[in-house]
Amino acid sequence: MNFKSLTVYILVIFCVPFAAFAEEGTDTTNVQRMAQAYLDSYNNEFQKIYAESAEAEWKLNTYIKEGDTTAAAASKTANAKFAEFTGSRLNINMAKKYLAVKDSLMPVQVKQLEAILYAAGANPVYAGTLIDAKIAAETKQTEDLFGFDFKYKGKSVSTNDLDDVLHNSNDLNDRLEAWNSSKEVGKELKDGLKNLQFLKNNTVKSLQYTDYFQYQVSEYGMTSEEMIKLCDQLVEEVWPLYRELHTWARYELAKKYGQEVPEFLPAHWLPNRWGQDWSSMVKVEGMNIDGYLEEKGPEWIIQQGENFYVSLGFDSLPDSFYQLSSLYPLPDGADYKKNNHASAWHMDLDKDVRSLMSVKANTEWWGTVLHELGHIYYYMSYSRPEVPIVLRGGANRGYHEAMGSLIGLASLQKPFLEGRGMVSKKAKVDEINSLMREALDYIVHIPWGAGVMTHFEYDLYSKDLPKDQFNTRWWAYVKKYQGITPPEFRGEEFCDAATKTHINNDAAQYYDYSISNVLLFMFHDHIAKEILQQDPHATNYWGSTETGKFLKSMMETGATMDWREHLKKYMGKDMTAKPMLDYFAPLSEYLKAQNAGRKYTLPENINGRSQRK
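Rules used in this analysis
Per-chain numbering applies: the sequence of each chain, read as written, is numbered from 1 onward. The model is predicted, so local features are restricted to residues of pLDDT at least 70 and side-chain atom pairs to those at 80 or more, both for listing and for counting; the totals for chains, interfaces and linings are taken over all residues. Where side-chain values are given, they derive from all heavy atoms of the structure, hydrogens and water being excluded. Counting from the N terminus, the helices are the DSSP runs of H or I reaching at least four residues and the strands are the DSSP runs of E reaching at least two. Here the globule rule reads 2.2 Å times residues to the power 0.38, and the radius of gyration is calculated from C-alpha atoms. Whether a residue is buried, partly exposed or exposed follows from its accessible area with a 1.4 Å probe, protein chains only, as a fraction of its type maximum: under 20%, in between, or over 50%, in that order. We call two residues contacting when some pair of their heavy atoms lies within 4.5 Å. In short, Shrake-Rupley with a 1.4 Å probe defines the accessible areas, and a residue's cover is counted only from the protein chains shown. Buriedness of a pocket was judged along seven lines, with at least five required to meet protein on both sides within 12 Å; pockets are open sets of points on a 1 Å grid over the protein atoms alone, cavities are sets where a 1.4 Å probe fits but cannot get out, and lining residues have an atom within 4 Å of a point. Grid points are joined across faces, edges and corners, and a volume is the space filled by probe spheres set on the points. Throughout this description, the term salt bridge denotes a Lys or Arg side-chain nitrogen within 4 Å of a carboxyl oxygen of Asp or Glu. Whether two aromatic rings pair depends on their centres lying within 6.5 Å, for rings of Phe, Tyr and Trp, where Trp uses its six-membered ring; planes under 30 degrees apart make the pair stacked, over 60 edge-to-face, and the rest tilted. Strands qualify as paired when DSSP identifies two bridges or more between them. In this description, a line fitted to the C-alpha atoms serves as the axis of each element, helices being fitted only across the stretch in contact, and the angle between N-to-C directions of two axes falls anywhere from 0 to 180 degrees. Here the angle decides the label: under 35 degrees means roughly parallel, over 145 means roughly antiparallel, 65 to 115 means roughly perpendicular, and every other value means oblique. In this scheme the crossing of two helices becomes right-handed for a clockwise turn of the near helix relative to the far one and left-handed for an anticlockwise turn of less than a right angle. All amino acids are sorted into three groups, where Ala, Val, Leu, Ile, Met, Phe, Trp, Tyr, Cys and Pro are nonpolar, Asp, Glu, Lys and Arg are charged, and the leftover types, Gly among them, are polar. What qualifies as a polar contact is a pair of N or O atoms within 3.5 Å, subject to a donor-acceptor requirement within protein and to the restriction that residues adjacent in sequence count only when both atoms come from side chains.

Digging into the overall build of the protein
Next, step 1: What the protein contains, in helices and strands, is 26 helices and 6 strands.
Next, step 2: A globule of 613 residues ought to have a C-alpha radius of gyration of about 25 Å, and the protein, at 25 Å, matches this closely.
Next, step 3: For the protein, with 613 residues in total, the buried portion stands at 57%.
Next, step 4: Sequence separation of at least 24 residues holds for 77% of the intrachain contacts in the protein that already meet a minimum separation of 6.
Next, step 5: Summing over all exposed atoms, the protein offers an accessible surface of approximately 25,100 Å²; the carbon and sulfur share of this is 49%.

And the structure:
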């Protein structure tokens, strides 16, 4: 049934009975039956159009060729069709009318109707020509970002090449050139970001959302203010440990580069373009698996990742995953580019699962592969008849990231690596260094995600941040939450926020990652203590079908339950950072001793004045 046929079908079958809904004594069974008929029709059409849009987006991200507008045009057409369906006046009205009698419906029907309205919020027909403009703007921003010609020492390079410099070089001049090169693309994206700010805000206002940030937060069942409060809470909870890590990093990096200890961390000193992950600063003795992975190769990493999930009791990946995914860097001399940001794709919300990566044989990609496969297996788990198409997602968006990161964490603990023969049984591991490496990822990421990214996008959309303040506001938050400053003054000709892909094509959702970090330690703590009965710092999930059963039971419900109810059912508690803080408690005490006598430049409280030591 095509969209026009669906429209006629719904008008004929459903519109007349709505008047009766308000009448006393309306037959609940009949209302549920009519609602289900509408939902079945919607889900069937949604799946078809979603798949067409996903295919077009896949081509746009995997085949970027200068001067070739074919992929962009196809993406624009497919996204317009998707927008026409999800944001149609008919679907908005139908969802609203059924939700008006939601007390007569089954909970899973209500969840679907709420999801339909949320989907409509991205592209409501009431926004008129703004929808076409938004789709075109998003497509252009993606092309400009991933088709940019990055230069380093006069040569065209990929972002992977720039990352290699920031990971490995001790030459501050080389690091500065690589860092500056990574930010050049922002100049070309600034006008596009301002345009997206206007278009995204005004499209959702037609459905009574105040702004795009509020719209995105609504999927959690929260207000913007509640989400900001939650993010501030997460930053405050980890702030004492982050402050110790920041002080330690200033002194360690100053020693490494032969410089005076800076008051704040220069951005190009860090091993990540945005300072969101410092884990490569630490090498864990007995845990260096780069050499092992180099011998095995990138193909082995993906196959071993699949074997890990199979050992837990999950199914093998479908053959189509390997046939249709884009898993490795493009060959030298390729006449096109692709998006190098790792991602997992649920192409048809059913069996077609894919991943877009540029896997290299190193430790970072080992963790990334396991993370992306976490998404893939989440897709596969809830792709079952009991979960309606529009509810095939995580319990909340943070859940999806938590499942991926959980396996990434588990795959780098010594008992696991030892059991797989990736490190020697005789290898002695510096446990504090191991915790340090993990904290430089999971803890460091929260002030970045819940602090910088969330507050910038809140200002961008909820406060309508002016374009001539983009870069100033960005660096104010980077300094406040991360304690990082640019190598030199960055004027408003730059737009360093837009160099982060999520700002452009996954807007106002970055708090998902911070929430996921908290959730993953809740999940890991439960698995370690209640299922494996192992120390959370030294686990081996491999072969534990009980662990797999637990994970699958959480995954297979999709978005059919409210995430807070889901958490209470499977964890027996509300979301809390306590398991994370307990996990890193030994490191916290170690850092306090290491930093004794050093000057702290971050305040004791994120909202307080600096306390000097």
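After that view of the structure, there is still more to cover.
Concerning empty space enclosed by the protein
Next, step 1: Counting across every chain of the model gives 1 cavity of 30 Å³ or more.
Next, step 2: Within this model, the largest cavity holds a volume of roughly 90 Å³.
Next, step 3: The wall of the largest cavity is formed by 15 residues, among which Lys183, Arg273, Trp274, Trp474 and Trp475 lie closest to the centre.
Next, step 4: Elements supplying a minimum of two residues to the lining of the largest cavity: α9 (172-183) and α20 (470-482).
Next, step 5: Among the elements that line the lining of the largest cavity, the one with the most residues is α20, at 4 residues.

Some thoughts on the pattern of salt bridges
Next, step 1: Enumeration over the complete set of coordinates arrives at 30 salt bridges.
Next, step 2: Here Lys592 makes a salt bridge to Glu589, at a shortest N to O gap of 3.7 Å. Of this pair, Lys592 and Glu589 both sit in helix α26 (residues 585-594), 3 residues apart, which is roughly one turn of that helix.
Next, step 3: Overlapping salt bridges, with partners in common, bring together Glu55, Asp352 and Arg354 in one network.

Details of the packing of aromatic side chains
Next, step 1: Counted by the stated rule, this structure contains 45 aromatic pairs.
Next, step 2: Between Tyr309 and Phe314, the ring centres sit 6.0 Å apart and the planes meet at 75 degrees, which makes this aromatic pair edge-to-face.
Next, step 3: The exposure class of Phe314 is buried, given its relative accessible area of 5%.
Next, step 4: Measuring from ring centre to ring centre gives 6.4 Å for Tyr379 and Tyr382, while their planes differ by 65 degrees; the resulting arrangement is edge-to-face. Taken together, the residues span about one helical turn, with Tyr379 and Tyr382 both in helix α16 (residues 363-382) at a distance of 3 residues. For the pair Tyr379 and Tyr382, a shared accessibility class is recorded, and that class is buried.
Next, step 5: Put simply, the rings of Tyr38, Tyr42, Phe46, Tyr50, Phe82, Phe85 and Tyr98 pair up and form one aromatic cluster.

With respect to the side chain of Gln413
Next, step 1: The residue Gln413 is located in the loop between α17 (397-410) and α18 (414-419) in this model.
Next, step 2: Once residues lying within four places of it in the same chain are set aside, the contact partners of Gln413 are Met287, Glu438, His524, Pro536, His537, Ala538, Thr539 and Tyr583.

As for the pairing of strand β5 (residues 353-356)
Next, step 1: The alternating pattern of β5 places Val353 and Ser355 on one face and Arg354 and Leu356 on the opposite face, and all of these are buried.
Next, step 2: When strand β4 (residues 343-346) meets β5, the two strands line up antiparallel, connected through 4 bridges. Counted as the bridge partner of Ser343 is Leu356 from β5.
Next, step 3: Linking two consecutive strands that pair antiparallel, namely β4 and β5, is a turn of 6 residues; a positive phi of about 60 degrees is found at Leu349 within it.

Observations concerning the packing of helix α7 (residues 130-146) against helix α10 (residues 185-204)
Next, step 1: Remark: α7 packs on α10, axes separated minimally by 9 Å, with the N-to-C direction vectors making an angle of 155 degrees. Taken together, α7 and α10 sit at an angle that is classed as roughly antiparallel. The element α7 and its partner α10 pack so that their crossing is left-handed. Residues Leu130, Ile131, Ala133, Lys134, Ala137, Glu138, Gln141, Asp144 and Leu145 of α7 pack against Val185, Glu188, Leu189, Gly192, Leu193, Asn195, Leu196, Phe198, Leu199, Lys200, Asn202 and Thr203 of α10.
Next, step 2: Residues belonging to the contact of α7 with α10 are distributed by class as follows: 11 nonpolar, 5 polar and 5 charged.

Structural notes on the environment of Leu581
Next, step 1: Mapped onto the secondary structure, Leu581 falls in helix α25 (residues 578-583).
Next, step 2: Exposure remark for Leu581: the relative accessible area of 30% places this residue in the partly exposed category.
Next, step 3: When the C-alpha atoms of Leu581 and Ile443 are compared, they prove to be 9.3 Å apart, with 138 residues separating the residues in sequence.
Next, step 4: Each residue touching Leu581, except ones within four places of it in the same chain, is listed here: Glu237 and Val238.

Considerations on the side chain of His400
Next, step 1: Position of His400 among the secondary structure elements: in helix α17.
Next, step 2: On the basis of relative accessibility, which here comes to 9%, the residue His400 falls in the buried class.
Next, step 3: A distance of 3.0 Å separates the side chain of His400 from the side chain of His375, its partner in a polar contact.
Next, step 4: When residues no more than four places from it in sequence are discounted, the contact partners of His400 are His375, Tyr378, Tyr379, Tyr382, Gly393 and Gly394.

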